[in-house]
Amino acid sequence: PFVPGNSVEPLLNGDQAYPAMLGAIGKAQKSIALSTYIFDSDATGQQFVTALSQAVRRGVAVYILVDDVGLHYSPRAIDRDLVAGGVKVARFIPPTLRFLRFFNLRNHRKILVADGMVGFIGGMNIRHGNVIAAATQHAVQDIHFRVRGAVLDQLSALFAEDWHFATGTEIELPQWKEDTPAPAASAARLVPDGPDHRSETLQWLILGALAFSQRRIRIMTPYFIPNGQLVSALAIAAMRGIDVEILIPEKTNIQFVGWAMAANFERLMTHGVKIYLNPPPFDHSKVMVVDGNWVLVGSTNWDQRSLRLNFEANLECFDASLAEALEKYFDTKKACSKAVSLAAVQAAPLWIRLRNNFVRLFGPYL
């Protein structure tokens, strides 16, 4: 259910998000629950290891859940350092006989809750490349969200469920105190999704938002390979006169994914959908805003791996001020982006169109 009186604050890149997350970890007195897909063993990862280990020494119960595949994005798995610091760590679906048949199902959620009083959700992993000021070769732009309010109880419950699945152990995390002053008036709810009893929950939610839109739709996503239902829903919205704008990276971090994305351009743009290519560095942001009031943020990409195979966590909000802030962010990005031309798409050489459409056939596996 929706719960009122929440605060949802955007944090740009690791430059803003990581200090806020480390600050919450440093102030925690009871518990810290952190779930992430990638937790790199780099300069930023080691900052988190230090902060989490210090929390353990203060007597804080610290639980870290990392996807097993995501853990291996780093040359050296960081869970050894966490265990050495006394942190309780679990791998989600490791390559054991118990989990072997589920190996293609990954935990893509990014959740942090400290003391049940402050939380973070979005699409940002823990890796040094997200710190834009560091100007790394593989810089990644992203947006994360700091959350306060009763909706944190839903984040804690989801983490506890995942922890039980991964470890067989039940945990109890602190609840939001009802007498805590409501920091803002955002009505919000957690929208978990995954290949379990929640299968396709998020897709149905997105389809509903597209169908009920009245004026405009803004979408930012790093990977845009929607299935036929979503493509049709976007096209129908545009045909109804809704201003539909989609912002994706000009250069993806996976070349053939970019080819599959381009295969959908003509069908969408023929019906009035506008597509913009955001210049490097690669933008990993995942945001959807409808009619300046409804907001969806979280870990899900617009592709079939996220919508069918991954365990995801998203926050659905009715919040005009948050929507306004995110639309301004979208417009700032759009101002330096390149609009895709329908004429250019239709004039592309035949071999490029064949290549793009061939790769799109593998959309469910990308």
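In this report, we go over the structure that sits alongside the text.

Scoring rules and cut-offs
Residues numbered from 1 in each chain as written. Predicted model: local features only at pLDDT ≥ 70, side-chain atom pairs only at ≥ 80, totals over all residues. Heavy atoms only, no water. Axes fitted to C-alpha atoms, helices over the stretch in contact; angles between N-to-C directions. Helix = DSSP H or I, 4+ residues; strand = E, 2+ residues; numbered from the N terminus. Parallel < 35°, antiparallel > 145°, perpendicular 65-115°, else oblique. Left-handed = near helix turned anticlockwise from the far one by under 90°. Contact = heavy atoms within 4.5 Å. Nonpolar A, V, L, I, M, F, W, Y, C, P; charged D, E, K, R; others polar. Phe/Tyr/Trp six-rings, centres within 6.5 Å; stacked < 30°, edge-to-face > 60°. Buried < 20%, exposed > 50% of the residue type's maximum accessible area, 1.4 Å probe, protein only. Polar contact = N/O pair within 3.5 Å; in protein donor to acceptor, adjacent residues only side chain to side chain. Salt bridge = Lys/Arg side-chain N within 4 Å of Asp/Glu carboxyl O. Pairing = 2+ DSSP bridges. Arc of directions from axis to C-beta.

So, on to the packing of helix α1 (residues 13-27) against helix α2 (residues 43-57). Their axes nearest at 9 Å, the elements α1 and α2 cross at an angle of 15 degrees. Classed by the angle they form, the pair α1 and α2 counts as roughly parallel. Considering how the two elements wind past one another, α1 and α2 form a crossing that is right-handed. When α1 is examined against α2, the residues Tyr-18, Met-21, Leu-22 and Ile-25 are found in contact with a partner set consisting of Thr-44, Gln-47, Phe-48, Ala-51, Leu-52 and Ala-55. For the contact of α1 with α2, a count of residues per class yields eight nonpolar, two polar and no charged.

Another aspect to go through is the packing of aromatic side chains. Under the counting rule described, the total for this entry stands at 11 aromatic pairs. With 5.4 Å between their ring centres and 70 degrees between their planes, Phe-92 and Phe-311 make a pair best called edge-to-face. Taken together, the residues span a long stretch of sequence, with Phe-92 in strand β4 (residues 88-92) and Phe-311 in the loop between α10 (304-309) and β16 (312-318) at a distance of 219 residues. Summarising the burial analysis for this pair, Phe-92 and Phe-311 share the class buried. Ring geometry for Phe-358 versus Phe-362: centroids 5.3 Å apart, planes at 75 degrees, classification edge-to-face.

Attention shifts here to the side chain of Thr-36. By the secondary structure assignment, Thr-36 is in strand β2 (residues 31-36). Looking at Thr-36, its side chain comes within polar contact range of the main-chain oxygen of Ile-38, at 3.1 Å. If we skip the residues at most four places from it in the chain, Thr-36 touches Leu-65, Val-66, Asp-67, Arg-109, Lys-110, Asn-125 and Ile-126.

Let us now look at the pattern of salt bridges. In total, this model carries 19 salt bridges according to the counting rule given. Of the charged contacts, one joins Asp-79 and Arg-91 as a salt bridge, the two residues approaching to 2.8 Å between their closest N and O atoms. Of this pair, Asp-79 sits in helix α4 (residues 79-84) while Arg-91 is found in strand β4, placing the two residues 12 residues apart along the sequence. Exposure remark for Arg-91: the relative accessible area of 28% places this residue in the partly exposed category. Residues Lys-334 and Glu-245 are paired through a salt bridge, measuring 3.1 Å at the closest nitrogen-oxygen approach. Linking Lys-334 in helix α11 (residues 320-335) with Glu-245 in strand β11 (residues 243-249), this pair joins segments that are 89 residues apart in sequence. In this structure Lys-334 comes out as partly exposed when scored by relative accessible area, which is 23%. Salt bridges sharing partners connect three or more residues here, namely Arg-218, Asp-243, Glu-245, Lys-274 and Lys-334.

With five of its five residues buried, strand β15 (residues 294-298) lies for the most part within the structure. Direction of pairing for strand β14 (residues 287-290) relative to β15: antiparallel, over a ladder of four bridges. Across the sheet, the residue bridging to Val-287 is Val-297, located in β15. Across five bridges, β15 lies against β16 in antiparallel orientation. From the neighbouring strand, Gly-298 faces β16, where its bridge partner is Asn-314.

So, on to the side chain of Glu-245. A relative accessible area of 3% places Glu-245 in the buried class. Reaching out from Glu-245, the side chain makes a polar contact with the side chain of Arg-218 at a distance of 3.1 Å. Every residue in contact with Glu-245, bar those within four places of it in the chain, is listed here: Ile-217, Arg-218, Ile-219, Lys-274, Tyr-276, Phe-330 and Lys-334.

The next subject is helix α8 (residues 255-262). The complete set of buried residues in α8 reads Val-257, Ala-260 and Met-261. The arc that holds every buried residue of α8, seen down its axis, measures 105 degrees, which confines them to one face.

Right, let's talk about the packing of helix α6 (residues 201-212) against helix α7 (residues 228-239) for a bit. For the pair α6 and α7, the least separation of the axes is 9 Å and the interaxial angle reads 15 degrees. Overall, the two elements α6 and α7 adopt an arrangement that is roughly parallel. Of the two possible hands of crossing, α6 and α7 adopt the one that is left-handed. In this structure, α6 uses Gln-203, Ile-206, Leu-207 and Leu-210 to contact α7, whose residues at the interface are Gln-229, Leu-230, Ala-233, Leu-234 and Ala-237. For the contact of α6 with α7, the residue count by class is seven nonpolar, two polar and no charged.

Residues of β14 alternate between two faces, with Val-287 and Val-289 on one and Met-288 and Val-290 on the opposite face, all of them buried. Sheet topology places strand β10 (residues 216-220) next to β14; four bridges connect them, and they run antiparallel. Looking across to β14, one finds that Ile-217 is bridged to Val-290.

In short, geometric facts, not functional conclusions.
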